[in-house]
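Letter by letter, the chains look like this.
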Amino acid sequence: MAFSSFSRSVDDIWGRHIKRPYWIVLMPGYTPPASLDKQDKDAMWLPTSPKDPRVVWDGFCATALFELIRESLDPAGTSPYIKVVNAETKKIVEDLRDPEIMAMRPIRAKGLGPRGVYNHLVEVLYWAEMLPSGDRTRTIIQDILGDRKDATATEDGYTRSRAFMDEKRQDHDPWEYQEDVLRRAEADEIKLRPLCMFGPAIGADRDRLIRDKDVPLLALADKYTLSHDPLKIEDFRATGRPESYYRAAAEKGRRRREEERKIAAATLRQVEDIDDRERHGSGSSGPVSKDKNPF
């Protein structure tokens, strides 16, 4: 989700020296939120409260970091001790997205396996349609799901791709480089940024995987643009958060198509009525004179 200098992923570790403009910071008083599932593979937390503000992640897009907080640090979005900070000014960056829409964001449930996580992110993708045009959230979630058409569509993706080419990383084996960096760090030859605690890797919780294998997968949104209608906050003001944004969008699309069919059928009936009247005359008595052209 973010091209971070803290990440030890093979995709990121080569760029750990690049400065990032935004940080995720845990403030004194922080404790792991109750909504966080520490067995989730994407979970991140500190076991104890930091004495001073502590940077735990960074990246090139503030919105991506806000989304990372909701997916990995604070699913319910209720902790006042997790902040996004401007790395240069050291000032807190506020999430300026519509609070009403943010209050309806899907919350990552506990106990999800890989299929459940995928379905949750698809729900977030459909929810993000309610945000105004130009908002980055939808593109960021598409990037996570692998449904991106362009690897440079996000700030983190663009920076990673640009730096990768500038540093000629394509000429090196990334796996060998990652292995070498981790070996040198373990031998105290180099220092890596300190990490949070992380949830176990996929496969560590056998019971979760067994439960998850029967979960039906939802479809990726952009492959089914004709089968659903974009959602709007007005759709849910009276009813609140739906059980599924995916199904709500599909149902909205079904209703629209049904209405379009009714309109088309009514229009066809009007045309047929006109044709019938023209075939049988306009109702005047007697034939129309052949000597007079009505037009």
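The structure presented is a predicted model; accordingly, all values stated were derived computationally and were not measured.

Colleague: What is the right way to look at the nonpolar core in this model?
Modeller: Among soluble globular proteins, nonpolar side chains are generally buried collectively. The biggest cluster of nonpolar side chains holds 26 residues, and the ones touching the most others in it are I24, W57, L68, L73, I82 and V84. Contributing elements (two or more residues each) for this core: β1 (22-26), β2 (44-45), β3 (54-59), α1 (62-73) and β4 (82-86). Examining the composition of this core, we find that six residues originate from one element, α1, more than from any other. In this structure, I101, M104, L231 and I233 belong to the second largest nonpolar core, which totals 23 residues.

Colleague: Would you mind showing me how to read the pattern of salt bridges here?
Modeller: Close approach of charged atoms allows side chains of opposite charge to pair. Under the definition given, this model contains 24 salt bridges. In this structure, the salt-bridge partner of R97 is E67, at a minimum N-O distance of 2.8 Å. Taken as a pair, R97 in the loop between β5 (92-93) and α2 (99-102) and E67 in helix α1 lie far apart in primary sequence, 30 residues in all. As far as the burial class goes, R97 and E67 line up, both buried. Across the pair E189 and R184 runs a salt bridge, and its minimum N-O distance is 3.9 Å. Classification of R184 as partly exposed rests on a relative accessible area of 28%. Residues participating in the shared-partner salt-bridge network are D40, K41, D42, E67, E71, D95, R97, R105 and R108.

Colleague: What is the right way to read helix α3 (residues 114-127) from this model?
Modeller: Spacing of three or four residues puts side chains on the same side of an α-helix, whose turn is 3.6 residues. Taking 1.5 Å per residue, 14 residues should reach 20 Å; α3 reaches 20 Å between its end C-alpha atoms and fits that length. Of all 14 residues in α3, 11 are buried, a share of seventy percent or more. Among all positions of α3, only G116, V117, N119, H120, L121, V122, E123, V124, L125, Y126 and W127 are buried.

Colleague: I keep staring at helix α5 (residues 155-166) and nothing clicks. Help me out?
Modeller: Spanning 12 residues, α5 covers 16 Å between terminal C-alpha atoms, matching the ideal 16 Å at 1.5 Å per step. Within α5 the residues assigned to the buried category are D156, G157, T159 and A163. For α5, the arc enclosing every buried residue in end-on projection is 165 degrees, short of the 170-degree limit, so these residues lie on one face. Looking at the buried positions of α5, the neighbouring elements they touch are β3 and α1. Taken from the residues just after α5, K168 is the one with a positive phi, measuring 55 degrees.

Colleague: How should I be thinking about the packing of α1 against helix α4 (residues 137-145) in this particular structure?
Modeller: How two helices pack is summed up by the angle between their axes together with the distance between the axes. Interaxial distance between α1 and α4 falls to 10 Å at its minimum, and their mutual angle equals 60 degrees. As the angle between them shows, α1 and α4 are arranged oblique. Considering the relative orientation of α1 and α4, their crossing is right-handed. Contact with α1, carried on its side by T63, A64 and E67, involves T137, I140 and I141 of α4 and no other residues of that element. The residue inventory of the contact of α1 with α4, partitioned by class, reads three nonpolar, two polar and one charged.

Colleague: What should I look at first to understand unusual backbone geometry in this one?
Modeller: Comment: phi is negative for the bulk of residues other than glycine, and the bulk of peptide bonds are trans. The backbone phi angle of K168 is positive, close to 55 degrees, even though this residue is not glycine. Considering the arrangement of structural elements, one finds K168 in the loop between α5 and α6 (174-186). Of note, the phi angle at D188 is positive, near 65 degrees, even though the residue is not glycine. Looking at the secondary structure, you find D188 in the loop between α6 and β6 (197-198). Look at D188 and you get exposed, because its relative accessible area is 56%.

Quick notes on the rules
Residues numbered from 1 in each chain as written. Predicted model: local features only at pLDDT ≥ 70, side-chain atom pairs only at ≥ 80, totals over all residues. Heavy atoms only, no water. Core = buried A, V, L, I, M, F, W, Y, C linked by side-chain atoms within 4.5 Å. Buried < 20%, exposed > 50% of the residue type's maximum accessible area, 1.4 Å probe, protein only. Helix = DSSP H or I, 4+ residues; strand = E, 2+ residues; numbered from the N terminus. Salt bridge = Lys/Arg side-chain N within 4 Å of Asp/Glu carboxyl O. Expected span 1.5 Å × (residues − 1). Arc of directions from axis to C-beta. Contact = heavy atoms within 4.5 Å. Axes fitted to C-alpha atoms, helices over the stretch in contact; angles between N-to-C directions. Parallel < 35°, antiparallel > 145°, perpendicular 65-115°, else oblique. Left-handed = near helix turned anticlockwise from the far one by under 90°. Nonpolar A, V, L, I, M, F, W, Y, C, P; charged D, E, K, R; others polar.

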